[in-house]
Amino acid sequence: MKQWTGILQLVMEKKKERTVTKTVYFQGALKVMRPNYLDSSGQACFFVINPGGGYVGGDRYRIEVTLEENAELILTTQSATKVYRTLITPVLQETEFILKKGSVLEYIPDPLIAYRDAKYHQNTVIRMEKGSTLLYTDILTPGWSPNGEWFKYDYLRLKNEIYMDDELIAFDHLKLEPSDSQVEDIGFMESYTHLGSMLVVDERCTPSFLHQLYEQLEDYKQGCTLGMSMLYESGCTIRILGSSTQQIEEILAVCTSFIRREWFTKKPMLLRKY
């Protein structure tokens, strides 16, 4: 534990049509409360809590989540992740998800807000078995600075690796470093301030389904730029450039709700946090 500011280990299993906690362990500046059940499907929902209020230089966090066969979990955060000034050692967030056959993980964290002089590394490894489902989202937001300028953080680096039956099917490495590049120019943020991402992996994610999903977003494209592409195997990625957190959250919610309805006959989720 000494090397981690906060650690969370969670194993979920399916029992009598409901996903329940098999084992849970947390220590330091990461905690979870008892699971919530947002509907009658038996899918569990956990809120990850950081009682410290934000990340500072040298903080190191580790999250490990395993879903046993047919377990279904929504994992979110209590509030936005705030990364403050880190003058020397960057903040590190490591996460590992293991999804057994038939399991479903919806990982819907609140936005990451990077303030002036913030340095942040996020490494996520997802190990899936065939027949499992992944919905994974991220939102990046520049925080307030004294002179009112955007993009005053030092850098953000987010790396995602997804394996299906131990074969690498997706590697996504995103790095925003305002000091070395004009993040506001063409090829980067292109005058936008907020970035949203979604990774979907499921055998039902085909080019025709992706086209249907794109059609669902027809009324939400104004004032933003979005793109979709298929992954190497049974999945897709979505990127959104926008000007507000709420705008990107709305688009990601439309995508998530459509997938929940079409694949699982579930209603849209309402993650009330206030």
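Structure's up top.
Summarised in this report is the structure supplied together with it. (Residues numbered from 1 in each chain as written. Predicted model: local features only at pLDDT ≥ 70, side-chain atom pairs only at ≥ 80, totals over all residues. Heavy atoms only, no water.)

## Points about the packing of aromatic side chains
The line we're drawing: Classification of ring pairs rests on two measures: the distance between centres of Phe, Tyr or Trp rings, Trp counted by its six-membered ring, which must be within 6.5 Å, and the angle between planes, read as stacked under 30 degrees, edge-to-face over 60 and tilted in between. Should the NZ of a Lys or the CZ of an Arg lie within 6 Å of a ring centre and within 35 degrees of the ring normal, that charge is described as sitting over the ring.
Counted by the stated rule, this structure contains 8 aromatic pairs. Taken together, the aromatic side chains of Phe209, Phe258, Trp263 and Phe264 make up a single cluster linked through ring pairs. It is arginine 18 that lies over the ring of tyrosine 37; its NZ or CZ is 3.9 Å from the centre. Between lysine 175 and the ring centre of tyrosine 155, over which it is positioned, the NZ or CZ distance is 5.7 Å.

## Thoughts on the pattern of salt bridges
Our working definition: Take a side-chain nitrogen of Lys or Arg and a carboxyl oxygen of Asp or Glu: if they are within 4 Å of each other, that pair is a salt bridge. Comment: elements are numbered from the N terminus, with helices defined as DSSP H or I runs of at least four residues and strands as E runs of at least two. Think of it in three bands: with a 1.4 Å probe and only protein chains considered, a residue is buried below 20% of the maximum accessible area for its type, exposed above 50%, and partly exposed in between.
Summed over all chains, the structure comprises 18 salt bridges. With a closest N to O distance of 3.5 Å, aspartate 39 and arginine 260 form a salt bridge. With a gap of 221 residues between them, aspartate 39 in the loop between β3 (31-32) and β4 (44-49) and arginine 260 in helix α2 (residues 245-264) connect regions that are remote in the sequence. Under the relative-accessibility criterion, arginine 260 is labelled buried at 2%. Linking arginine 127 and glutamate 96 is a salt bridge whose minimum nitrogen-to-oxygen distance equals 3.2 Å. Of the two residues, arginine 127 sits in strand β11 (residues 119-128) while glutamate 96 sits in strand β8 (residues 91-99), which places them 31 residues apart along the sequence. Several salt bridges converge on common partners, so that one network encompasses Arg62, Glu64, Glu94, Glu96 and Arg127.

## Re the nonpolar core
This is how the line gets drawn: The term nonpolar core refers to a set of buried residues drawn from Ala, Val, Leu, Ile, Met, Phe, Trp, Tyr and Cys, joined through side-chain atoms within 4.5 Å. We call two residues in contact when some of their heavy atoms are within 4.5 Å.
Judged by nonpolar contacts, the single largest core of 49 residues is most densely connected at Leu73, Leu75, Leu105, Leu134 and Ile162. Filtering out sequence-adjacent residues up to four positions away, leucine 105 remains in contact with Leu67, Leu73, Leu75, Phe97, Leu99, Thr133, Leu134 and Leu135. Val200, Leu210, Leu213 and Ile248 belong to the second-largest nonpolar core, a separate cluster that totals 22 residues.

## Considerations on the sheet that holds β11
To be explicit about the condition: Two strands pair under a simple rule: DSSP has to find at least two bridges between them. Lines fitted to C-alpha atoms define the axes, with helix axes restricted to the stretch in contact, and inter-axis angles between N-to-C directions lie between 0 and 180 degrees.
Pairing is mixed across the open sheet formed by 7 strands, whose spatial order is β2-β1-β5-β8-β11-β13-β14. At either end of the open sheet lies a strand with only one pairing partner, and these are β2 (18-28) and β14 (167-176). Each adjacent strand pair in this sheet contributes to an overall mean axis angle of 10°, direction not counted. Pairing analysis gives 10 bridges linking strand β1 (residues 6-15) to β2, with the strands arranged antiparallel. Residue pairing in the sheet places glutamate 13 in a bridge with valine 20 of β2.

## Details of unusual backbone geometry
Residues other than glycine seldom take positive phi values, yet lysine 16 does so here, at roughly 50°. Along the chain, lysine 16 turns up in the loop between β1 and β2. The residue aspartate 117 is not glycine, and still its phi comes out positive at about 65°. Position of aspartate 117 among the secondary structure elements: in the loop between β10 (112-114) and β11. The exposure class assigned to aspartate 117 is buried, which follows from its relative accessible area of 19%.

## Some remarks on the state of the cysteines
Here is the rule: Throughout, a disulfide means two cysteine sulfur atoms within 2.5 Å of one another.
A full pass over the atoms with the stated rule returns 0 disulfides. Residue cysteine 224 stays outside any disulfide, its sulfur separated by 10 Å from that of cysteine 255, the closest cysteine. When its relative accessible area of 11% is taken as the criterion, cysteine 224 is described as buried.

## Topic: helix α1 (residues 207-216)
Our working rule: In this description, one arc is meant: the one made by directions from the helix axis to the C-beta atoms.
For α1, the full list of buried residues reads Phe209, Leu210 and Leu213. On an axial view of α1, the arc spanned by its buried residues comes to 100°, and they lie on one face. Contact partners of the buried residues in α1: β16 (225-230), β17 (235-242) and α2.

## Details of the environment of threonine 137
Topologically, threonine 137 is positioned in strand β12 (residues 133-142). Distance in space between the C-alpha atoms of threonine 137 and isoleucine 108 is 5.5 Å, their sequence separation being 29 residues. Setting aside anything within four residues of it in sequence, one finds threonine 137 in contact with Tyr107, Ile108, Pro109, Ser197, Met198 and Leu252.

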